[in-house]
Every structure is written in structure tokens, then in C-alpha cells.
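# Fold and contact review
Listed below, chain by chain, are the residues.
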Amino acid sequence: MKKILLYFKLQLRLFLILICTTSIPLLLVYLYSPYEWDKLYWLFITFIFALKVVFYKDAPYKKKITPLVREMLTKEYKRVPSKMEVVARIEDMINARDVMLLSSALLIVVITILFSKL
């Protein structure tokens, strides 16, 4: 449970962006569209999968966030973090990003089930 809370703390902004770009538009279509949209949820789930495959590659992301993680851990621990602490936090951030993608996909499925479109 502690890890999941850490994941949401690390990637809350990504989660909110995903909610605003996938779940809220899907909810609005289900609520206000006069047309029947069969299998619309697949569009949003495919969008999330495409984000993971195309844009969220691990190696460039690790290089990009390493200095940011060092600064963040220095402020958090009030000392210079060790190499293993930095690597562990980078892995936590990558896992957190994957959990946020999965959480938003799960939310899309839940919304679809609530509207009986599945």
C-alpha cells in the first residue's frame, strides 16, 4: 500500500493528464452523445497502449530524470543520496508511470461497465 501511495505521489500529474484526456471525454460521450458508440473504449485503451509503446520508452526517460531524482532525494534525505538510492527511485518512477497508465485504462473499463457498453 505504501508503494502505491508513493507511485501516485511521484506521477500524480501524469495520472491527472490521462484522466483529462481519456476518462472524462469517454464519460462525456457516454452521457451526452445521441449516437451509440460501440467499442469506443477500445480507442482510449489503444491510445494509452500507444503512449506506453511510442512515447514512454525507459532508457531515454532514465537519462532525463536522473539529475532530477538526485535533487529530489537530496532535498528529501538532507544528504547526498547513494547510487543505489537513486537507481531505486528511478525504478520506482518508471513503475509509477506504468501503474498510472494501467490505472487510467482500468478506469476506462470501469466507466464502460457502469454505462453497460462492455
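To start, this report covers the structure provided alongside it. (Residues numbered from 1 in each chain as written. Predicted model: local features only at pLDDT ≥ 70, side-chain atom pairs only at ≥ 80, totals over all residues. Heavy atoms only, no water.)

## Observations regarding the nonpolar core
What counts, and what does not: Among buried residues, the Ala, Val, Leu, Ile, Met, Phe, Trp, Tyr and Cys ones that are joined through side-chain atoms within 4.5 Å form a nonpolar core. Burial classes: relative accessible area under 20% of the type maximum marks a residue as buried, over 50% as exposed, and values in between as partly exposed (1.4 Å probe, protein chains only). Secondary structure is summarised from DSSP: a helix means a run of H or I of at least four residues, a strand means a run of E of at least two, and numbering begins at the N terminus for each. What makes two residues a contact is simply this: any of their non-hydrogen atoms within 4.5 Å.
Ranked by size, the top nonpolar core spans 29 residues in total, and within it Leu26, Tyr30, Ile65, Val69, Ile90, Met93 and Ile108 carry the most contacts. Looking at this core, the elements with two or more residues in it are α1 (2-10), α2 (12-32), α3 (40-55), α4 (58-77) and α5 (83-114). Top contributing element to this core by residue count: α5, with 10 residues. With near-sequence residues (within four places) excluded, isoleucine 65 lies in contact with Ile90 and Met93.

## Here's the deal with the packing of aromatic side chains
Cut-off, in case you're wondering: Ring geometry is summarised as follows: Phe, Tyr and Trp rings, the Trp one being its six-membered ring, pair when their centres sit within 6.5 Å, and such pairs are stacked at plane angles under 30 degrees, edge-to-face over 60 and tilted between the two.
By the definition in use, this model includes 3 aromatic pairs. Aromatic side chains tyrosine 30 and phenylalanine 115 sit 5.5 Å apart centroid to centroid with 40° between the ring planes, which places their arrangement in the tilted category. With tyrosine 30 in helix α2 and phenylalanine 115 in the segment after α5, this residue pair connects regions lying 85 residues apart in the sequence. On the numbers, 5.4 Å between centres and 35° between planes, the contact of tyrosine 41 with tryptophan 42 is tilted.

## Quick notes on the environment of leucine 107
Structurally, leucine 107 is set in helix α5. The spacing of leucine 107 and alanine 96 is 11 residues in sequence and 16 Å in space, taken between C-alpha atoms. Excluding anything up to four places from it in sequence, leucine 107 contacts Ile19 and Ser23.

## Observations regarding the pattern of salt bridges
This is how it is decided: Counted as salt bridges are all cases of a side-chain nitrogen of Lys or Arg within 4 Å of a carboxyl oxygen of Asp or Glu.
Following the criterion strictly, the structure yields 8 salt bridges and no others. A salt bridge links lysine 52 to aspartate 58, with the shortest nitrogen-to-oxygen separation between them at 3.9 Å. Accessibility expressed as a relative area gives 32% for aspartate 58, which makes it partly exposed. Among the ionic contacts, a cluster of salt bridges with common partners joins Lys52, Asp58, Arg97 and Asp98.

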